[in-house]
Amino acid sequence: MRPSLANLGFLFQISGFFILPSLLYSLYLNETEVFISLSLSGLIFFSLGFFLNALAERKRLNLRESCILLILFFTLSPLIHSIPYLYLGIFNQSFPENLLNSYFESVSSITTTGFSLLQGKRLPKSLVLQRSLNKWVGGIGIVFILLSFFYPSRSLFHYGRIIGIEKLTSKYKKTFLIVLGIYLVFTLFFSVSLTYLGREIFSSLILTLSTISTGGIEEIPSDPNFLLVLLLAMLSSSISYSFFFNLLHKKVDLQTSEEVLTFFALLFLFSMVFWKVSKLSLLDSFFSVASSLSSTGMNKNILSLNLPSQIILIFCMLIGPCSLSVGGGIKISRVQLFLKTLISLPRIFFKREEIVISVGGKEFRMNDILLNFLIITLFLLTPLLSSILFTFYGYSFFEGFFESTSALTTTGLSVINISTSFPNTLKLLLIFLMVFGRVEFIPFFLIFFKEKSAGGGI
């Protein structure tokens, strides 16, 4: 546990660093109250970071300790990010409700889900920037934690395959710097593109930070040119970073691009069906499907869509983007593995062969297949069970299933009004689903198992 806390301190320090841009911006705009609230958050992040680092030496983690670290980060860091909402009194309710609403808003940002209790409420611009940065950090944060704490060890190789981590280089730090570089290039490119099209610089940055992190936005531009740029940003965030890495090193072939090709094939197929069913324009149809399949959660027509259209979006949300990308969901590689395994069932039952399934050049044996099937089953079963709780509060089973799926896949699409008046029990449920979906299921199970030998770490 102590090594996990020490490394959590390191992640807290990084989180504190990413508050600095908003601090400087609040000074520039003379938003004094926001500056004070962000300073408190930053001070707590840095103080806790140094304290936890001093508590124990930051060393290599085994699988269980890495899982603890992953869960702690995505449950505790939103609590600290809640401070500005509390300090500024954004939610004018009792303290327990203010705390819950602030925590909900922060969890939604850091998990890149994009749900918001602040629909239509104007926030100080520096706080808007911080919320968008939280999404951006949450998006790259999950990739950073997976690359830094899960894959380096040989003893974690088996689990790395299950959650879609590829060993891109022999040095994980070099791998992450390349991934971070790709993330930054995309952010800069799409921000400049939106500004070139006539968007205000601040608005362009907010749109890009929220889109490239699959965190979603509340107001979607109607101009087709802006929609095309946002569509490209969503698609960029949906592709595995290993694909971009291989592209940079000229190692792309049919095997390494299998998952990406499948993603675009599904995007085209679902978009065509959605276009026919929804009666929207072709661009809006592609945008809606890409928004769901990438788990970005931007759809300006969601409430006016008919039932078949909403069902298509549920399928898209559940499938999700490529592995080792920013988005959530089952992931394309697992869908491929599932389908290939179904095709191989006759060999398993009749020829009694040891099954080995190849997906994207990686081989999966029965243990890997069973664990991936477990993850798929939980992604389907969890929203079904959660929907029952929604029915106790007057919502239909379908509405509950849609909202639960959206939270679990960190998409953020909504067919009901999620506001401060939303039942607190359901807010807690969605918080749980957002964190559960961001870190996926296996880490929650593995924290209860002790390993005999430590693995690698950072």
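As a reminder, the structure under discussion sits directly above these lines.
Notes on the structure follow. Please read these numbers as outputs of a predicted model, since none were measured by experiment.

## Details of the overall build of the protein chain
Argument step 1. The number of helices and strands found in the protein chain is 21 helices and two strands.
Argument step 2. Looking at the protein chain residue by residue over its 458 residues, the buried ones come to 59%.
Argument step 3. Of the contacts formed within the protein chain by residues at least 6 apart in sequence, a portion of 73% connects residues at least 24 apart.

## So, unusual backbone geometry
Argument step 1. Positive phi, close to 60 degrees, is recorded for Thr 112, a residue that is not glycine.
Argument step 2. If you trace the backbone, Thr 112 turns up in the loop between α6 (95-110) and α7 (125-150).
Argument step 3. According to the relative accessible area criterion, Thr 112 is buried, its value standing at 0%.
Argument step 4. Residues other than glycine seldom take positive phi values, yet Thr 214 does so here, at roughly 60 degrees.

## Let's talk about the side chain of Ser 82
Argument step 1. Structurally, Ser 82 can be placed in the loop between α4 (63-81) and α5 (83-88).
Argument step 2. For Ser 82, a relative accessible area of 0% gives the class buried.
Argument step 3. In this structure the side chain of Ser 82 is engaged in a polar contact, spanning 3.4 Å, whose partner is the backbone oxygen of Ser 102.
Argument step 4. Non-local contacts of Ser 82, meaning those with residues more than four positions away in its chain, are made with Ser 102, Tyr 103 and Ser 106.

## A short note on the nonpolar core
Argument step 1. Among the nonpolar cores identified, the biggest contains 119 residues, and Leu 8, Phe 104, Phe 287, Ile 418 and Leu 430 are the most heavily contacted of them.
Argument step 2. Of the residues forming this core, the biggest block, nine residues, is contributed by helix α20 (residues 424-439).
Argument step 3. Setting aside chain neighbours within four positions, we find Leu 430 in contact with Phe 104, Phe 115, Phe 390, Glu 403, Ala 407, Ile 418 and Phe 422.
Argument step 4. With six residues, the next largest nonpolar core counts Leu 337, Ile 355, Ile 357 and Ile 369 among its residues.

## A look at the packing of helix α11 (residues 224-238) against helix α14 (residues 282-293)
Argument step 1. Two numbers describe how α11 lies on α14: the axes approach to 10 Å, and their chain directions differ by 30 degrees. Relative to α14, α11 is oriented roughly parallel. As for how α11 packs across α14, the hand of that crossing is left-handed. Residues Pro 224, Leu 227, Leu 228, Leu 230, Leu 231, Met 234 and Leu 235 of α11 touch α14, and the partners they reach there are Leu 283, Asp 284, Phe 286, Phe 287, Ala 290 and Ser 291.
Argument step 2. Residue composition of the contact of α11 with α14, by class: eleven nonpolar, one polar and one charged.

Basis of the calculations
Residues numbered from 1 in each chain as written. Predicted model: local features only at pLDDT ≥ 70, side-chain atom pairs only at ≥ 80, totals over all residues. Heavy atoms only, no water. Helix = DSSP H or I, 4+ residues; strand = E, 2+ residues; numbered from the N terminus. Buried < 20%, exposed > 50% of the residue type's maximum accessible area, 1.4 Å probe, protein only. Contact = heavy atoms within 4.5 Å. Polar contact = N/O pair within 3.5 Å; in protein donor to acceptor, adjacent residues only side chain to side chain. Core = buried A, V, L, I, M, F, W, Y, C linked by side-chain atoms within 4.5 Å. Axes fitted to C-alpha atoms, helices over the stretch in contact; angles between N-to-C directions. Parallel < 35°, antiparallel > 145°, perpendicular 65-115°, else oblique. Left-handed = near helix turned anticlockwise from the far one by under 90°. Nonpolar A, V, L, I, M, F, W, Y, C, P; charged D, E, K, R; others polar.

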